[in-house]
Amino acid sequence: MIDALLEEIGQRKDYVENKEIQSIYFGGGTPSLLSPEEINKILEIIKSHFIISEDVEITIECNPDDIGLQKLMDYKAIGLNRISLGIQSFRDADLMLMNRSHDVAQAENSLTIIKQAGFNNISADLIYGIPGLSNADWELNIQKLIDSQVEHISAYALTVEPKTVLQHQITKKKVKAPDDNQAAEQFDILVDVLNNNGFEHYEISNFAKQQKYSRHNTSYWLGNFYLGLGPSAHSFNGISRQWNIANNSKYIESIKNRIPDFEFEKLSESQQINECIMIALRTMWGLNIKAFSERFGKEHEQILILSAESYIKLGLIKREGDFLIISPQGKFISDAIISDLFTE
């Protein structure tokens, strides 16, 4: 797999058109299963083919059960400078329900050793709307991350994926289905607690202290180019996107034979408009109406403003000068608001 990945890096070195790389992100699956030596080999090949910013952000996703102090110190020594930690909850009952492989003790220990290893840019994930998770328990989860002094928190509502253990348990009525009203209450608690503790709510699901926004995710939301490498990885160059085949063995074989196996989609004008609306309105910076008009034309600007008018009157969207911004009251239902602004 690593040999194929290194080969793909060379094959696709021209995709980002000599742009300076601001973020390198090891994600998807469990990249922290790779040794520091393997990660370093990948980084060295990337550096040989691309222009890398001097202050590049290099993130690796980790699970609490697959990292140790020495491994983290080795990651730091080879240049990794940001950790994204999948905690999800500080309640063992929740972790068991979601079929997570770690427990609370491992979650708490992982936060400690990441700091000991010298990382000062740490993101942690939490899940809300879990059946059996009370609002008081949820607030304790948030407070534990605040007390651990992480710089970034991502929080998502529980979704029940098909063909999972959780879906089976809900179908058999062994577990209650997630409650949308409780999820909404817990989202409001999340926003209030983090706002009161110095975190900026810079994207619907993301909060940061000291402007330590995720460069990786912010690149998506600002519509920047990105190159995805490896099975299932997605790439975007402004007008089209492509994604690699998901099957590992087929991916390796295709790279070995220099016949990349991927699907490709050129975005129509409507798709580009909808994507622009979607990613901009998810952020605290909002949608720049002037830039939107320059890119897509006055007619599409007028359609957008007309569509947004009712939400502005309801206080769910704010218009601040040349920007449309989802208001605090509209954030939990932002997906519905955004999709209603889409063009046909």
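Heads up: the structure comes first, above all this text.
Quick notes on the rules
Here the residue index of a chain counts from 1 through its sequence in written order. Residues qualify for local features only when their pLDDT is at least 70, as the model is predicted, and side-chain atom pairs are given and counted only at 80 or more; totals for whole chains, interfaces and linings, by contrast, use all residues. Calculation of side-chain values draws on the structure's entire complement of heavy atoms; hydrogens and water are dropped beforehand. One bridge is not enough; two strands pair if DSSP finds at least two bridges between them. Each helix is a run of DSSP H or I of at least 4 residues and each strand a run of E of at least 2, with the numbering of both proceeding from the N terminus. Throughout, a contact is declared for two residues whenever any of their heavy atoms are within 4.5 Å. For helices, the fitted axis covers only the stretch in contact; all axes are lines through C-alpha atoms, and the angles between them, taken along N-to-C directions, range from 0 to 180 degrees. Centre distance within 6.5 Å is the pairing criterion for rings of Phe, Tyr and Trp, where only the six-membered ring of Trp is used; planes under 30 degrees apart are then read as stacked, over 60 as edge-to-face, and the remainder as tilted. Comment: the charge-over-ring label is applied if NZ (Lys) or CZ (Arg) is within 6 Å of the ring centre and within 35 degrees of the ring normal. If an angle is under 35 degrees, it is roughly parallel; if it is over 145, roughly antiparallel; if it lies from 65 to 115, roughly perpendicular; otherwise it is oblique. Classification used: nonpolar for Ala, Val, Leu, Ile, Met, Phe, Trp, Tyr, Cys and Pro, charged for Asp, Glu, Lys and Arg, polar for all others including Gly.

Undergrad: Before we go on, may I ask you to explain the sheet that holds strand S13 (residues 323-326) in this structure?
TA: Strand pairing in a sheet takes place through backbone hydrogen bonds and is either antiparallel or parallel in direction. Here we have three strands laid out as an open sheet, ordered S11-S13-S12, and antiparallel in their pairing. Both outer strands of the open sheet, strand S11 (287-288) and strand S12 (317-320), are each paired with one neighbouring strand and no more. Examined bridge by bridge, S11 and S13 share two bridges and lie antiparallel to one another. If you follow Leu287 over to S13, its bridge partner there is Leu324. On the sheet, helix H13 (residues 298-313) packs against S11, S12 and S13 and is oriented at approximately 120 degrees with respect to S12.

Undergrad: Got a minute to help me understand the packing of aromatic side chains in this structure?
TA: In this description, an aromatic ring pair is defined by two values, namely the gap between the centres and the angle between the planes. According to the stated counting rule, one finds ten aromatic pairs in the structure shown. For Arg12, the ring lying beneath its charged end belongs to Tyr15, and the centroid distance is 5.1 Å. The lysine or arginine in question, Lys19, covers the ring of Phe225, its NZ or CZ lying 4.6 Å from the ring centre.

Undergrad: When you look at the packing of helix H1 (residues 2-11) against helix H2 (residues 36-49) in this model, what are you seeing that I'm missing?
TA: Describing two packed helices takes the angle between their axes plus the distance from one axis to the other. Running from amino to carboxyl end, H1 crosses H2 at an angle of 10 degrees, the nearest separation of the two axes being 9 Å. Comparing their axes, H2 and H1 come out roughly parallel. Residues Ile2, Leu5, Leu6, Ile9 and Gly10 of H1 lie in contact with H2, whose contacting residues are Glu38, Lys41, Ile42, Ile45, Ile46 and His49. When the residues that make up the contact of H1 with H2 are grouped by side-chain class, the tally is seven nonpolar, two polar and two charged.

Undergrad: How should the sheet that holds strand S10 (residues 262-266) be read in this particular structure?
TA: Taken together, three strands build an open sheet; the order of strands is S8-S9-S10 and the sheet is antiparallel. Lying at the two open borders of the sheet, with one neighbouring strand each, are strand S8 (234-236) and S10. This sheet shows a mean twist of 15 degrees between the axes of neighbouring strands, independent of strand direction. As paired strands, S8 and strand S9 (residues 240-244) are joined by three bridges and run antiparallel to one another.

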